[in-house]
Every structure is written in C-alpha cells, then in structure tokens.
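Here is what each chain is made of, one letter per residue.
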Amino acid sequence: MLFQKISFTTLLTTILFFLISGCSDISNDDSFMEPDMFKLGEFTDNGLTIAAYAERPLSVGYNSIYLDLHRSGERLNSAEIEMIPMMHMEQHSHASPFEKPARVRDDETGLFTGWAIFTMPGGMMGSWELQLEISAVNGSGMPSAGIIEIEVEQSNRVKTFMSDSEERYVLTWILPDEPAVGMNELKVALHKRESMMSFPPVLNAEFEFEPWMPSMDHGSSNNVSPEHVENGFYAGSVNFNMTGDWELRFDIEAGGRKLGHHVFELEF
Ligand SMILES: [Cu+2]
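The shown structure was predicted, so the numbers you read here are calculated from the model rather than taken from an experiment.

(A) Representation of the overall build of the protein in the model. Looking only at helices and strands, one finds one helix and 18 strands in the protein. Within the span of the protein, comprising 268 residues, buried residues form 39% of the whole. Across the protein, the fraction of contacts at a sequence separation of at least 24, relative to all contacts at a separation of at least 6, is 57%. Working note: accessible area of the protein is about 15000 Å², and carbon and sulfur atoms make up 52% of it.

Structure follows, in structure tokens:
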C-alpha cells in the first residue's frame, strides 16, 4: 500500500514535471504568439501553415504585407517566398507592382516582409488574391503553395495613366499618410505597366511638384520635388501652411518625354 502510494506520487510528480517543462519550452518560444496586426488569412499545405498580415485593412495604394510561417508549432526563420498579388476580373486577370518578402525574417516585426501596390479596389469589378509559393523552408523541404483571398478598399492614392507615347504607368502617393500642418515627408512611387503581369519601377523620372489650395487659390513655400531614392520610390517634402482642401500637383518627365500632369486631392 505504501509502495503504491509512493509510486503514485512519483508518477504524479513525473507527469507534473513533463507538463511544466513542456509548458516552459512553449513559453520560451514565440511560436504561439500571433502578431498584433490585421490578419488577411492563412492556409496549410504540405504541413506548412502560412499566415498573412497587414498593418490595417488593405486599400488601393502601397501596403506592407507580412507573412508568418509555422510547421508543427514551430516558427520558421528562412524560406524562398514567391508572392503575387493577382486580380481576377470578368475578362482578364492582372497583377500589380509588388515586392516579394525577403528570405529571412525582418528584425523589427519578426515576420517576412514584402509589399504590394493595389491599383483598384476589389468588389463588383473583380477580386484580389495573394498567390503564395514557399520553398527551401529552413534550407530544405517540400514546397507549399496556396491562395489567400483579400479585400481591397477604395482610396485615391493611385493614378494609372497612359503617356502621349501610349505607355502605361502607375503613380502611387505613399506619404504623407496622415497629412498635418507644417512640413510633411512626401513619397511617391512610379511603375510602368509593361503587361498585365509586369510592372517594373521607373528609375529615371523627374518630378516637378507643387501643393495647391484650390478654395483659396494659393500654394506654399519650401516644398521639395521628389527625387529618386531607390527602386522606383521618390522622396521630397510638402509644406501645408493651413488645414483644408489641398492638391498635390505633379508634372512628370522620364527620358526627355513628358508623362503628364497628375493631381491627388486631399483634405484634412
Ligand atoms: Cu482590376
């Protein structure tokens, strides 16, 4: 009887030990913490779970996209990721400008980070999805592939236009994200639409920029026209000297050809 009691206690202790050590293994690992972000969706293929996130619901314009990869409850650190934002419309499908996530996790978020510029909203016209293919997970393993259907809200941050020489472009207003009185960082991106699937960055564009307040018929001083930083992204400054309705007016040239006059409207 005494022997039975001891062995029972030992058994309980052993079970408790494994439970506690098992628990502490899990809590030492970040694998079960979901990122505190807007979840776009997830799928599992070949034992790999791929979850996609954004900072907020997706809208027309520039959006960072974050991926989290898990296998058997373990968060994975490196992978080759192919990501294509694709829109299926009634007559055709098309992609948009994008950059696939890097091979390793980003230090800041702990996630695989890429971006997409959505050129139109989802809805009656068609629907967007992220097409994903993941291989070389932690150096090896079977590839996993799947689709995450995404919603994209309307915004006024993208102009798609045709130049006089009938080339198609995508102009994206990225910053300021939340305009305020005073100096604001100004950031835009310019991509060429070579085909429904190919949107290379335009590296040699020249911008002439001025903000304008149409209701009061004035501009402002000390603005800086955007200049190329890298990969089709251009940075400058915009000075809003009061709240109200403003226009961001751009005249664009590339390779000695005019790409036209383009205006984004905003109010704050
Ligand atoms: Cu479309």
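(B) Here's a closer look at the coordination of the copper ion. Protein-derived ligands of the copper ion are Met-87 (SD), Met-89 (SD), His-94 (NE2) and Met-120 (SD), with the metal-ligand distances lying across 2.0 to 2.4 Å. Binding-site remark: the copper ion is held by donors from one chain whose sequence spacing is M-x1-M-x4-H-x25-M. The pair formed by Met-89 and His-94 is uniform in burial state, with each residue classed as buried.

(C) Up close: the nonpolar core. Counting residues in hydrophobic clusters, the biggest one holds 38 residues, and the most contacted among them are Leu-69, Leu-132, Ile-134 and Ile-150. Sorting the residues of this core by element identifies β1 (38–45), β2 (48–54), β3 (61–71), β5 (80–89), β8 (112–118), β9 (126–135), β10 (144–150) and β12 (168–175) as the ones contributing at least two each. By residue number, the principal contributor to this core is β8, which donates five residues. Of all hydrophobic cores here, the second largest spans 23 residues; its members include Ala-205, Phe-207, Phe-240 and Leu-266.

(D) Geometry of the environment of Phe-199. Tracing the backbone through its elements, the reader meets Phe-199 in the loop between β13 (182–193) and β14 (205–212). Sequence separation of Phe-199 and Ala-95 is 104 residues, and the distance between their C-alpha atoms is 8.4 Å. If sequence neighbours within four positions are ignored, Phe-199 has contacts with Ala-95, Ser-96, Pro-97, Val-170, His-191, Lys-192 and Arg-193.

(E) How the structure looks around the pairing of β1. Note that β1 and β2 share seven bridges and pair antiparallel. Bridge assignment links Gly-41 to a residue of β2, and that residue is Ala-52. The hairpin turn running from β1 into β2, its antiparallel successor, is two residues long, and Asn-46 in that turn takes a positive phi close to 55°.

(F) Summary view of the pairing of β5. Note that β5 and β9 share 10 bridges and pair antiparallel. Along β9, the bridge assignment pairs Met-86 with Glu-129. Sheet analysis places β5 next to strand β6 (residues 93–94), joined by two bridges and oriented antiparallel. The residue of β6 that forms the bridge with His-88 is Ser-93. Linking two consecutive strands that pair antiparallel, namely β5 and β6, is a turn of three residues.

(G) Representation of the sheet that holds strand β17 (residues 245–254) in the model. Strand order in the open sheet formed by three strands is β14-β17-β18, and the pairing between neighbours is antiparallel. With partners counted over all chains shown, the strands left at the sheet margins are β14 and β18 (257–267), one partner each. On average, adjacent strands in this sheet sit at an angle of 15° to one another, irrespective of strand direction. In this structure, β14 lies alongside β17, joined through eight bridges in antiparallel fashion. What sits directly across from Glu-210, in β17, is Arg-249.

(H) Here's a closer look at the packing of aromatic side chains. Under the definition given, this model contains 12 aromatic pairs. Seen from their ring centres, Phe-209 and Phe-250 are 5.0 Å apart, and the 35° between their planes marks the pair as tilted. Note that Phe-209 is positioned in strand β14 and Phe-250 in strand β17, a separation of 41 residues in sequence. The exposure class of Phe-250 is buried, given its relative accessible area of 0%. Following the ring pairs from residue to residue traces out a cluster consisting of Trp-173, Phe-207, Phe-209, Tyr-234, Phe-250 and Phe-264. A cation sits over an aromatic face here: Arg-157 above Trp-173, 3.7 Å from the ring centre.

(I) Just the pattern of salt bridges, in detail. Counted according to the given criterion, the structure contains 12 salt bridges. In this structure, Arg-103 engages Glu-80 in a salt bridge whose closest nitrogen and oxygen atoms are separated by 2.6 Å. In this pair, Arg-103 sits in the loop between β7 (98–99) and β8 while Glu-80 sits in strand β5, placing the two residues 23 residues apart along the sequence. Residue class for Glu-80 comes out partly exposed when judged on its relative accessible area of 24%. The structure contains a network of salt bridges with shared partners spanning Glu-80, Glu-82, Lys-100 and Arg-103.

(J) View of the sheet that holds β5. As summarised here, the arrangement of the four strands in space is β6-β5-β9-β10, forming an open sheet in which the pairing is antiparallel. Each end of this open sheet is capped by a strand with a single partner; those strands are β6 and β10.

Conventions and cut-offs
Residues numbered from 1 in each chain as written. Predicted model: local features only at pLDDT ≥ 70, side-chain atom pairs only at ≥ 80, totals over all residues. Heavy atoms only, no water. Helix = DSSP H or I, 4+ residues; strand = E, 2+ residues; numbered from the N terminus. Buried < 20%, exposed > 50% of the residue type's maximum accessible area, 1.4 Å probe, protein only. Contact = heavy atoms within 4.5 Å. Areas by Shrake-Rupley, 256 points an atom, 1.4 Å probe, with all protein chains shown as cover. Donors = N, O, S within 2.8 Å, 3.2 Å for Na, K, Ca; no water. Core = buried A, V, L, I, M, F, W, Y, C linked by side-chain atoms within 4.5 Å. Pairing = 2+ DSSP bridges. Axes fitted to C-alpha atoms, helices over the stretch in contact; angles between N-to-C directions. Phe/Tyr/Trp six-rings, centres within 6.5 Å; stacked < 30°, edge-to-face > 60°. Lys NZ or Arg CZ within 6 Å of the ring centre and 35° of its normal. Salt bridge = Lys/Arg side-chain N within 4 Å of Asp/Glu carboxyl O.

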